[in-house]
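# Overview (structure and organization)
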Amino acid sequence: SDLSDIQKRGLESSAQKLVKFLDKSEIQVIDHTDEKYNEGMNISVLSFEKDSKVRFPFIRETIEPSVSYKGQIVKKGKVIVVTN
């Protein structure tokens, strides 16, 4: 909100160029937030939090996203999981 319109447009343009570069390079950054969690996922769980109201385990927060190259995980994401 503190950025001028010119700065916002410049930032948006740079972000779009980065996304295009990543797509062309077959690099994907994966945010796992709100995904259903299962033990076979290729991620690092930093902590499990209990909540009796949840119906199934899910990833509440992605601390660091996963990174894949050509479909293969090259950096595991770090997440916080909520279970019942």
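About the thresholds
Residues numbered from 1 in each chain as written. Predicted model: local features only at pLDDT ≥ 70, side-chain atom pairs only at ≥ 80, totals over all residues. Heavy atoms only, no water. Pairing = 2+ DSSP bridges. Helix = DSSP H or I, 4+ residues; strand = E, 2+ residues; numbered from the N terminus. Axes fitted to C-alpha atoms, helices over the stretch in contact; angles between N-to-C directions. Salt bridge = Lys/Arg side-chain N within 4 Å of Asp/Glu carboxyl O. Buried < 20%, exposed > 50% of the residue type's maximum accessible area, 1.4 Å probe, protein only. Expected span 1.5 Å × (residues − 1). Contact = heavy atoms within 4.5 Å.

Once that is clear, we can look at the sheet that holds strand β1 (residues 27–30). Hydrogen bonds between backbone atoms are what pair the strands of a sheet, whose relative direction is either parallel or antiparallel. Read across the sheet, 3 strands follow the order β1-β4-β5 without closing on themselves; strand pairing throughout is antiparallel. Each edge of the open sheet carries a strand with a single partner, namely β1 and β5 (72–75). Averaged over all neighbouring strand pairs, the angle between strand axes comes to 35 degrees, with direction disregarded.

Any two side chains of opposite charge can pair, given that their charged atoms come close. Applying the stated rule across the entire model yields 4 salt bridges. E64 is paired through a salt bridge with K75; the nearest N and O atoms lie 2.8 Å apart. Of this pair, E64 sits in strand β3 (residues 58–64) while K75 sits in strand β5, and the two are 11 residues apart along the sequence. Among the salt bridges present, the one from K78 reaches E64, with a minimum N-O distance of 3.9 Å. Of this pair, K78 sits in strand β6 (residues 77–83) while E64 sits in strand β3, placing them 14 residues apart in sequence. Judged by its relative accessible area of 29%, E64 falls in the partly exposed class. Salt bridges linked by common partners bring E49, R60 and E61 together as one network.

Each turn of an α-helix holds 3.6 residues, which means side chains three or four residues apart point in the same direction. For helix α1 (residues 5–24), built from 20 residues, the straight-helix expectation of 28 Å at 1.5 Å per residue is met to within 8% by its first-to-last C-alpha distance of 29 Å. Little of α1 sits inside the fold, with 1 of its 20 residues counted as buried. Immediately downstream of α1, the backbone of E26 shows phi near 60 degrees, a positive value.

Here we come to the side chain of S68. Examined against the element boundaries, S68 turns out to sit in strand β4 (residues 66–69). Given a relative accessible area of 4%, S68 falls into the buried group. S68 has contacts with E26, I27, Q28, I30, I73 and V74, leaving out every residue within four places of it along the chain.

Here the focus is the environment of N42. Following the sequence through the fold, N42 ends up in the loop between β1 and β2 (43–50). Sequence-wise, N42 and I63 are 21 residues apart; in three dimensions their C-alpha atoms are separated by 15 Å. Not counting residues up to four positions away in its chain, the partners in contact with N42 are S66, I73 and K76.

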